[in-house]
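Results of the structural survey
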Amino acid sequence: MKNTLKCLIQLITAIGIVGFSSCVTFKPGWSMSEMKESRMETKQLIAEAQLLENNASSAEEVELLIASFKEVLKADPQNYYALWKIGNYHILMGAAYAEKKKDKKYHYREAIKYCEKAMATNTNFKTEVLNGKDITEALDKLTIDQIDAMGYWYTARFYYFSECLAPLGRVMNTRIVIDNNKMIERIDEIDRTWAGGGNYFSRGLYYIAIPERFGGSKERADQEFSEAVQIGPNYLVNRWGRAKYLYHLMGDQENFKADLEWVVSQDPHKADNPYPWNVYFQQDAKQMLADIQ
């Protein structure tokens, strides 16, 4: 997530530029063809993956975790839970552990692909997209049963946009942001509290990043982050993100330190974000606190 705020600022500025078409294409996740290859019980495989999830704290262990959820798919190729989990942990690999742009691209593309395949477990949605509709044109078919796939789909695309595209590439691909906002709006309709305030967190970043002449507002960002913290008080991501993106920008060192120290002080096994993500948030928080010493 190095330089993420700078990238987000460039990202949203590009929204005001019209007349460009998207150059980045993502192979639809529902085009993936998988066959059952295992006779093992799905519940047993999921339990084994969850055991790894409770202890994964390094790049190697997260890779093993992804592989473990892929074993679930060998027994049950349409297992929604395993599909979106694979997408989610590819995002973590890209954000926390990948240093080269090509590696980030790989992980974010895989995340998008698996989240799309997870959304396509909804047969009504799949029918729509197979008949030629764009994802954003078929959003009304998605339900709360696909909400995690929906949320991490737009998250992976935001990461790809901000960390993998050059400034001109962001100008040429503003459609990514526009479509993401449509997905956020659909999630709001289904469950505004998703992921402990995940949509509010994303809107907080949005209002920080865009110039004031386009509607940017630190005050509005503060409101969105505060709402996220209220909805998900035990989610490390909310205070970590508020410190990293808002308080750091405002030069509010007191609240910056308070949020990060709170993040570091939590038990990563008991906080509401999954343990592998909590490890990342805490490691990043410690580094940010060390940088101001």
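The text that follows walks through the structure, step by step, so that each part is easy to find.

The rules behind the values
Residues numbered from 1 in each chain as written. Predicted model: local features only at pLDDT ≥ 70, side-chain atom pairs only at ≥ 80, totals over all residues. Heavy atoms only, no water. Helix = DSSP H or I, 4+ residues; strand = E, 2+ residues; numbered from the N terminus. Buried < 20%, exposed > 50% of the residue type's maximum accessible area, 1.4 Å probe, protein only. Contact = heavy atoms within 4.5 Å. Areas by Shrake-Rupley, 256 points an atom, 1.4 Å probe, with all protein chains shown as cover. Expected span 1.5 Å × (residues − 1). Bend = angle between axes of the 7 residues up to and from the residue. Salt bridge = Lys/Arg side-chain N within 4 Å of Asp/Glu carboxyl O. Phe/Tyr/Trp six-rings, centres within 6.5 Å; stacked < 30°, edge-to-face > 60°.

**Comments concerning the overall build of the protein**
From N to C terminus, the protein includes 14 helices and 0 strands. For the protein, the succession of helices and strands along the chain, N to C, is α-α-α-α-α-α-α-α-α-α-α-α-α-α. Going through the 293 residues of the protein one by one, you find that 54% of them count as buried. Of the contacts made within the protein by residues no fewer than 6 positions apart, 69% connect residues no fewer than 24 positions apart. Of the accessible surface of the protein, which amounts to about 13,800 Å², a share of 48% is contributed by carbon and sulfur atoms.

**Digging into helix α12 (residues 236-250)**
The end-to-end C-alpha distance of α12 is 20 Å, a good match for the 21 Å that 15 residues give at a rise of 1.5 Å each. Remark: the principal bend of α12, roughly 35°, maps to alanine 243. With 12 of 15 residues buried, α12 lies mostly within the body of the structure. Taken as a whole, α12 has its buried residues at Leu236, Val237, Asn238, Arg239, Trp240, Gly241, Arg242, Ala243, Lys244, Tyr245, Leu246 and Tyr247.

**Digging into the pattern of salt bridges**
Enumeration over the complete set of coordinates arrives at 15 salt bridges. Residues lysine 113 and glutamate 110 are paired through a salt bridge, measuring 2.7 Å at the closest nitrogen-oxygen approach. Taken as a pair, lysine 113 and glutamate 110 lie in helix α5 (residues 101-119) at a separation of 3 residues, close to a single helical turn. A salt bridge links arginine 203 to aspartate 188; the shortest N-O distance between them is 2.7 Å. Taken together, the residues span a long stretch of sequence, with arginine 203 in helix α10 (residues 194-209) and aspartate 188 in helix α9 (residues 175-190) at a distance of 15 residues. Linked through salt bridges whose partners overlap, the residues forming this network are Asp188, Arg192, Arg203, Arg220 and Glu224.

**Description of the packing of aromatic side chains**
Following the criterion strictly, the structure yields 15 aromatic pairs and no others. Residues phenylalanine 69 and tyrosine 81 carry aromatic rings whose centres are separated by 5.9 Å and whose planes lie at 70° to one another, so their mutual orientation is edge-to-face. Here the residue phenylalanine 69 occupies a position in helix α3 (residues 59-75), and tyrosine 81 occupies one in helix α4 (residues 80-97), the gap between them amounting to 12 residues. Of the residues examined, tyrosine 81 reaches a relative accessible area of 24% and is grouped as partly exposed. The interplanar angle of 45° and the centroid separation of 4.8 Å between the aromatic rings of tryptophan 240 and phenylalanine 281 together place this pair among those described as tilted. Here tryptophan 240, found in helix α12, pairs with phenylalanine 281, found in helix α14 (residues 275-291); they are 41 residues apart in sequence, far enough to count as distant. Classification of tryptophan 240 as buried rests on a relative accessible area of 1%.

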